[in-house]
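Each chain, letter by letter, is given below.
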Amino acid sequence: MAAAPTEEARLARLVAAHERWRGHGVFNLLASENAISPRARRYLGSDLAGRYTLPLSAEFEGERIDNSYAGTRYTDEIERLANAAAARLFHGRFATTRPLSGHIAALSALAPLLPRGSKLLAIEPSAGGYDGYASGFIPALLGYQVRPLPLASASARLDADRAIEEIQRERPAAVVLGQSFFLFPYPLREIAEAAHAQDALVFYDGSHVLGLIAGGRFQDPLREGADVLFGSTHKSFPGPQGGLLVTDREDLFQQIDPALVWRIFDNAHWHRIAALGQTLLELERVGKEYATTTVENAQALGRALHGAGLSILAADDGFTESHQIHLDRKALKERHAIAPGALARRWERQRLITDLVGRLGTAEVARLGLIPSDMPRLAELLIRAGPRHERVGAEVLAWRREFHGLRFQ
Ligand SMILES: Cc1ncc(COP(=O)(O)O)c(C=O)c1O
């Protein structure tokens with residue numbers, strides 16, 4: 001039975017209402033999100049959205065075929081172009097833009113290279129690591145053991161000596177770097193040297209910081225010794241939701257690439273890959289300026305909030321070198337008698353969107369056009385809407401309406 005037209009109308013209204021609110025009516029300070037360029041957005045809605053292609057080299061009933069489908073003369077070239085841009089931008093010779101998300105990119109890297117029973121070192125979620133690497137998730141799925149790579153807290157720097165000691169003691173098959181709460185680059189050269197000395201691979205999950213890496217403002221994982229870099233393409237990287245993977249090691253790529261199709265996914269969503277290709281090319285042109293503004297915004301917002309009495313972690317270390325800053329959750333409860341989730345709900349009601357776990361991110365507001373000198377005003381609105389519980393929604397909306405279009409594209 002066909003869906004009632006009223007349900008279709010309701011769905012249309014919901015999508016339009018979402019667009020007005022999240023697209024034009026708030027400042028988005030979610031560290032995991034971003035705004036994609038109009039051109040990349042158009043590609044997401046192009047004919048590619050419904051197409052298949054499966055480039056492969058296979059024997060089918062006595063005939064060699066190079067694709068399961070006909071009609072792919074442009075899609076295949078789009079993929080080659082996007083992969084080449086990813087390889088250039090992240091300084092590896094081999095890249096794939098097929099992974100459907102950051103999590104899928106992690107599976108794409110780990111599953112083909114590490115057999116069941118392998119031991120991993122990864123940062124624990126309690127210290128800001130990604131939940132997916134906790135024992136019940138990817139390690140359970142792929143049959144790995146996981147041990148903590150020591151990090152004092154989610155807002156601290158990784159200590160090279162302690163990490164190396166742990167690598168030498170645990171003798172893992174792989175070290176997986178990367179965090180969901182991610183402020184500071186790693187002492188990667190030292191860690192990679194220690195890992196490689198005992199034949200362990202170094203994976204760098206750059207999901208949160210990929211846009212900053214692209215702009216040369218965080219660290220350069222492959223040149224600093226990581227074997228494989230992968231991550232989400234929609235957090236600090238301002239692309240469509242998805243993932244990518246880059247390596248300079250042909251031996252590893254030859255194991256990874258053929259293992260993707262039919263193990264990790266089948267069709268790779270070519271509208272997404274076209275949009276991702278566009279974003280990669282945009283960042284080749286303007287990535288440095290984008291990443292610099294984003295990081296400087298985060299540092300300025302940290303200073304302004306902290307100065308106004310809302311404690312931000314890592315204050316004695318410049319607050320951050322990424323797009324994130326972290327609320328001091330303990331001080332929040334003690335000084336302002338509010339938990340981060342309740343604070344985020346207050347902010348949401350006043351058109352200031354954050355996550356409920358204490359991170360603020362400045363990537364999307366940088367794309368809108370906010371610069372470091374705007375951060376004291378943003379901090380003031382956050383303080384008034386949050387700890388002071390004032391109604392500032394109309395003020396936020398009036399300010400938001402001053403920004404049209406997107407920068408850095
Ligand atoms: C470090 C890290 N890796 C992987 C992921 C998963 O990314 P995605 O949502 O693109 O699958 C996340 C998501 O937050 C993350 O923080």
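Reading the values: rules and limits
- Residues numbered from 1 in each chain as written.
- Predicted model: local features only at pLDDT ≥ 70, side-chain atom pairs only at ≥ 80, totals over all residues.
- Heavy atoms only, no water.
- Helix = DSSP H or I, 4+ residues; strand = E, 2+ residues; numbered from the N terminus.
- Rg over C-alpha atoms; globule rule 2.2 N^0.38 Å.
- Buried < 20%, exposed > 50% of the residue type's maximum accessible area, 1.4 Å probe, protein only.
- Areas by Shrake-Rupley, 256 points an atom, 1.4 Å probe, with all protein chains shown as cover.
- Near = heavy atom within 4 Å.
- Polar contact = N/O pair within 3.5 Å; in protein donor to acceptor, adjacent residues only side chain to side chain.
- Nonpolar A, V, L, I, M, F, W, Y, C, P; charged D, E, K, R; others polar.
- Lys, Arg positive; Asp, Glu negative; His and termini not counted.
- Salt bridge = Lys/Arg side-chain N within 4 Å of Asp/Glu carboxyl O.
- Contact = heavy atoms within 4.5 Å.
- Patch = residues over 30% accessible without salt bridge, like charges linked within 9 Å, V, L, I, M, F, W, Y side chains within 5 Å.
- Charge placed at Lys NZ, Arg CZ, Asp CG, Glu CD.
- Core = buried A, V, L, I, M, F, W, Y, C linked by side-chain atoms within 4.5 Å.
- Pairing = 2+ DSSP bridges.
- Axes fitted to C-alpha atoms, helices over the stretch in contact; angles between N-to-C directions.
- Parallel < 35°, antiparallel > 145°, perpendicular 65-115°, else oblique.
- Left-handed = near helix turned anticlockwise from the far one by under 90°.

Draft legend 1. Region of the structure containing the overall build of the chain. Along its length, the chain carries 15 helices and 13 strands. Its C-alpha atoms give the chain a radius of gyration of 22 Å, within 12% of the compact-globule value 22 Å for 409 residues. Overall size of the chain, expressed as C-alpha extent along the three principal axes, is 75 × 60 × 45 Å. Counting only residues that meet the buried cut, the chain has 57% of its 409 residues in that class. Of the roughly 18200 Å² that the chain leaves accessible, carbon and sulfur atoms contribute 50%.

Draft legend 2. Just the site of the ligand, in detail. Around the ligand, the neighbouring residues are Ser101, Gly102, His103, Tyr130, Gln179, Ser180, Asp205, Ser207, His208, Ser232, His234 and Lys235. The side chain of His234 places a nitrogen or oxygen atom 3.2 Å from an oxygen atom of the ligand. Burial of the ligand by the protein chains amounts to 84% of its free accessible area of 390 Å². A per-class count over the shell around the ligand returns one nonpolar, nine polar and two charged.

Draft legend 3. Region of the structure containing the side chain of Asp205. Position of Asp205 among the secondary structure elements: in strand E8 (residues 201-205). We note that Asp205 is buried and unpaired, the nearest opposite charge coming from Lys235 at a distance of 8.2 Å. At a separation of 2.7 Å, a polar atom in the side chain of Asp205 contacts the side chain of Tyr133. Look past the residues within four positions of Asp205 in its chain and what remains in contact with it is Tyr130, Tyr133, Leu177, Gly178, Gln179, Phe182, Phe230 and Gly231.

Draft legend 4. Spatial organisation of a negative patch on the surface. On the surface, a cluster of negative charge is made up of Asp159, Asp161, Glu165, Glu190 and Glu193. Of all the secondary structure elements, the ones that give two or more residues to the negative patch are helix H6 (160-170) and helix H7 (188-197). Tracing the chain through its elements places Glu165 in helix H6. Taking relative accessible area as the criterion, Glu165 reaches 54% and is therefore assigned exposed.

Draft legend 5. Fine view of the nonpolar core. Residues Phe90, Leu177, Tyr204 and Leu280 are the most contacted members of the largest nonpolar core, which totals 47 residues. At seven residues, the largest contribution of residues to this core is made by helix H10 (residues 270-307). Sequence-distant contacts of Phe90, that is, excluding residues within four places in its chain, are made with Leu210, Ile213, Ala214, Asp220, Leu222, Leu229, Phe237, Leu244, Val246 and Leu280. Membership of the second largest hydrophobic core comes to 34 residues, among which are Ala82, Phe94, Leu245 and Trp270.

Draft legend 6. The sheet that holds strand E4 (residues 94-96), seen in detail. Strands sit in the order E4-E10-E9-E8-E7-E5-E6 across an open sheet of seven strands; the sheet is mixed. One side of each edge strand has no neighbouring strand; the edge strands of this open sheet are E4 and strand E6 (145-148). Direction aside, the axes of adjacent strands within the sheet are offset by 20° on average. The sheet contacts of H6 involve strand E5 (119-122), E6 and strand E7 (174-177), and relative to E5 the element is tilted by about 170°. The strands touched by H7 are E7 and E8; relative to E8, the strand with the most contacts, the crossing angle is about 145°.

Draft legend 7. Spatial organisation of the packing of helix H14 (residues 375-385) against helix H15 (residues 393-400). Two elements in contact, H14 and H15, have axes whose closest approach is 10 Å; the angle formed by their N-to-C orientations is 155°. If you check the angle between H14 and H15, you find them roughly antiparallel. The handedness of the crossing between H14 and H15 comes out as left-handed. The segment H14 lies against H15, with Arg377, Leu378, Leu381 and Arg384 engaging Glu395, Val396 and Trp399. Looking at the contact of H14 with H15, its residues break down into four nonpolar, no polar and three charged.

Draft legend 8. Summary view of the pairing of strand E2 (residues 55-60). Note: E2 against strand E3 (residues 63-67), four bridges, orientation antiparallel. Each residue of the ladder has a partner; that of Ala58, found in E3, is Ile65. Between E2 and E3, which pair antiparallel and follow one another directly, the connecting turn spans two residues, one of which, Glu61, has a positive phi of 50°.

Draft legend 9. Looking closely at the pattern of salt bridges. This structure, assessed with the given rule, holds 25 salt bridges. Between Arg80 and Glu77 there is a salt bridge, and its shortest N-O distance comes to 2.9 Å. Remark: Glu77 and Arg80 occur in helix H3 (residues 73-90); sequence separation between them is three residues, near one turn of the helix. A relative accessible area of 44% means that Glu77 is categorised as partly exposed.

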